[in-house]
Amino acid sequence: MLVKMSSNLPSTLFHCLVFISIILLYLYSSLLSPPSSKPPPPPPPSLATDKKVSSNSTPCNLFKGKWILQNPNSQRPLYDETCPFHRNAWNCFKNQRAHMGMINARQWVPEQCVMNRIDPERFLGLMRNKNIGFIGDSLNENFIVSFLCVLRTADDGARKWKTKRAWRGGYFPKYNVTVAYHRAVLLARYRWQPKQSEDGDQDGLKGIYRVDVDTPAVEWTNVTDFYDVLVFNTGHWWGYDKFPKEKPLVFYREGKPINPPLEMSDGFKVVLENMVSYIQKEVPSKTLKFWRLQSPRHFYGGEWNRNGSCLLDKPLEEDQLDLWFDPSNNGVNKEARQLNRVIQEALQSTDIEVLDLTHLSEFRADAHPAVWLGKKDAVAIWGQDCMHWCLPGVPDTWVDILSERIRNRLETR
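Residues numbered from 1 in each chain as written. Predicted model: local features only at pLDDT ≥ 70, side-chain atom pairs only at ≥ 80, totals over all residues. Heavy atoms only, no water.

Q: Mind showing me how you'd approach the overall build of the chain here?
A: A tally of regular secondary structure across the chain gives 11 helices and 15 strands. A buried classification covers 46% of the 413 residues belonging to the chain. Sequence separation of 24 or more characterises 76% of the internal contacts of the chain that already satisfy a separation of 6 or more. (Helix = DSSP H or I, 4+ residues; strand = E, 2+ residues; numbered from the N terminus. Buried < 20%, exposed > 50% of the residue type's maximum accessible area, 1.4 Å probe, protein only. Contact = heavy atoms within 4.5 Å.)

Q: Which parts of the structure should I look at to understand the pattern of salt bridges?
A: It is possible for side chains bearing opposite charge to pair when their charged atoms get close. If you walk through the whole model with that rule in mind, you get 16 salt bridges. Where Arg-191 meets Asp-212, a salt bridge forms, and the shortest distance between an N and an O atom there is 3.1 Å. Taken together, the residues span a long stretch of sequence, with Arg-191 in strand 9 (residues 188-194) and Asp-212 in strand 10 (residues 207-216) at a distance of 21 residues. Here Asp-212 falls in the buried class, since its relative accessible area comes to 1%. Notably, a salt bridge pairs Asp-366 with Arg-364, separated by 2.9 Å at the nearest N-O pair. The class for Asp-366 is buried, based on a relative accessible area of 2%. Among the charged side chains, a salt-bridge network with shared partners connects Arg-122, Glu-404, Arg-407 and Glu-411. (Salt bridge = Lys/Arg side-chain N within 4 Å of Asp/Glu carboxyl O.)

Q: It is not clear to me how the state of the cysteines should be interpreted in this structure. Could you clarify?
A: Where two cysteines share a covalent bond between their sulfur atoms, that bond is called a disulfide. Taken as a whole and judged by the stated rule, the model has four disulfides. Put simply, Cys-83 and Cys-149 are joined by a disulfide, and their sulfur atoms are 2.1 Å apart. Because the sign of the S-S torsion sets the handedness, a value of about -95° for the bond joining Cys-83 and Cys-149 places this disulfide among the left-handed ones. Residue Cys-83 is located in the loop between strand 2 (65-69) and helix 2 (100-103), and its partner Cys-149 is located in helix 4 (residues 138-152); the two are separated by 66 residues in the primary sequence. Side by side, Cys-83 and Cys-149 carry an identical accessibility label, which is buried. Between the sulfur atoms of Cys-310 and its disulfide mate Cys-386 the distance is 2.2 Å. Handedness here is read from the sign of the S-S torsion; for Cys-310 and Cys-386, about -90°, the answer is left-handed. (Disulfide = S-S within 2.5 Å.)

Q: What is the right way to look at the sheet that holds strand 5 (residues 131-136) in this model?
A: Pairing within the open sheet is mixed, and its seven strands lie in the order 6-7-8-5-11-14-15. The strands lining the two open edges of the sheet, one partner per strand, are strand 6 (159-160) and strand 15 (353-355). In this sheet, strand 8 (residues 177-183) lies alongside strand 7 (residues 168-172) in antiparallel orientation, the contact comprising five bridges. Opposite Gly-170, over in strand 8, you have Val-179 as the bridge partner. Those strands touched by helix 4 are strand 5, strand 7, strand 8, strand 11 (229-232) and strand 14 (288-292), and its axis lies near 165° from that of strand 8. In the packing of helix 6 (residues 264-282) onto the sheet, the strands contacted are strand 11 and strand 14, and the crossing angle to strand 14 comes to about 165°. (Pairing = 2+ DSSP bridges. Axes fitted to C-alpha atoms, helices over the stretch in contact; angles between N-to-C directions.)

Pasting the structure below:
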């Protein structure tokens with residue numbers, strides 16, 4: 001046995017020496033070879049891609065997504081009924097509106113972005129020594145009340161501010177920031193002109209509302225230089241419920257009536273064209289300019305003055321939206337989308353950024369003040385409020401989106 005093993009030993013050594021020699025020859029030849037001029041090929045792309053894109057990177061669509069029900073204890077609003085900037089009819093906690101916990105437990109989640117709730121301290125720090133102005137109708141007022149209450153959580157010294165024709169506003173002394181609202185429901189100047197003669201009373205005309213399509217309302221023309229950010233809106237007053245046939249809108253240009261007279265929809269287009277042109281020419285280019293599209297109404301069974309109701313306790317489903325809002329379906333609240341088309345056309349080729357808050361708000365039929373208006377006879381006099389929003393509520397999400405867009409614009413200049 002021992003003899004046999006010793007006889008195999010030279011063979012084993014030989015094979016080892018051959019193997020080592022091959023390795024040494026390979027290493028020597030690789031050292032003599034010139035380095036390759038081509039870089040190594042890139043690694044293959046990953047087959048799995050993350051569809052979530054941070055809102056801190058490239059601009060993304062914050063307006064397309066869905067409402068996700070969160071734990072009410074984890075999704076608490078940033079303010080409550082004690083905020084001094086509240087408007088009573090929208091203070092739904094104070095007015096003991098039903099389902100407020102569920103209204104505020106829903107979080108808007110964009111499809112392809114991670115959108116965080118506003119950090120009031122960080123935002124006010126970014127806006128230090130700057131001012132934000134809202135110009136338009138009461139839906140912009142609804143917006144600003146939410147904004148003021150959110151920002152106040154970062155500055156207890158905040159106080160009311162009504163200067164420069166502001167309808168409502170707040171000053172934050174810790175940061176030297178002013179946020180204010182200027183009421184201009186048509187944006188253009190308009191005023192009541194009573195009927196001059198009793199002749200022809202049979203036509204039922206009591207007078208007219210004269211609209212100067214080429215003249216902005218005085219409430220905002222002289223204040224735009226004060227603001228570093230401006231948020232415009234109009235649309236909710238452009239309807240025959242506000243201006244019936246006995247008190248119609250009549251459109252003027254250069255001080256003279258436009259002939260032939262314009263219907264309201266055509267007047268809306270002309271006013272928008274002129275107001276957008278004015279903003280482009282007169283508002284400083286360094287000012288960040290936004291235009292908030294329509295906030296949808298949720299009147300069901302009638303208009304605000306015809307027993308319309310919105311006593312709903314959950315949002316609409318995706319497949320219900322077109323039934324309510326699509327003009328091609330003659331939806332009961334189709335006006336918002338119709339007006340949006342006109343606004344978006346007027347804003348083309350401008351530096352005014354569109355805030356398309358319509359779609360995300362269309363779902364939220366559950367989030368209006370409805371009958372909880374804070375005054376005993378309010379519903380009997382004014383009807384249910386299915387147009388404005390409970391606060392805290394949906395406008396807080398508008399604030400999250402606007403603050404994110406402002407931050408993005410300022411940090412990428």
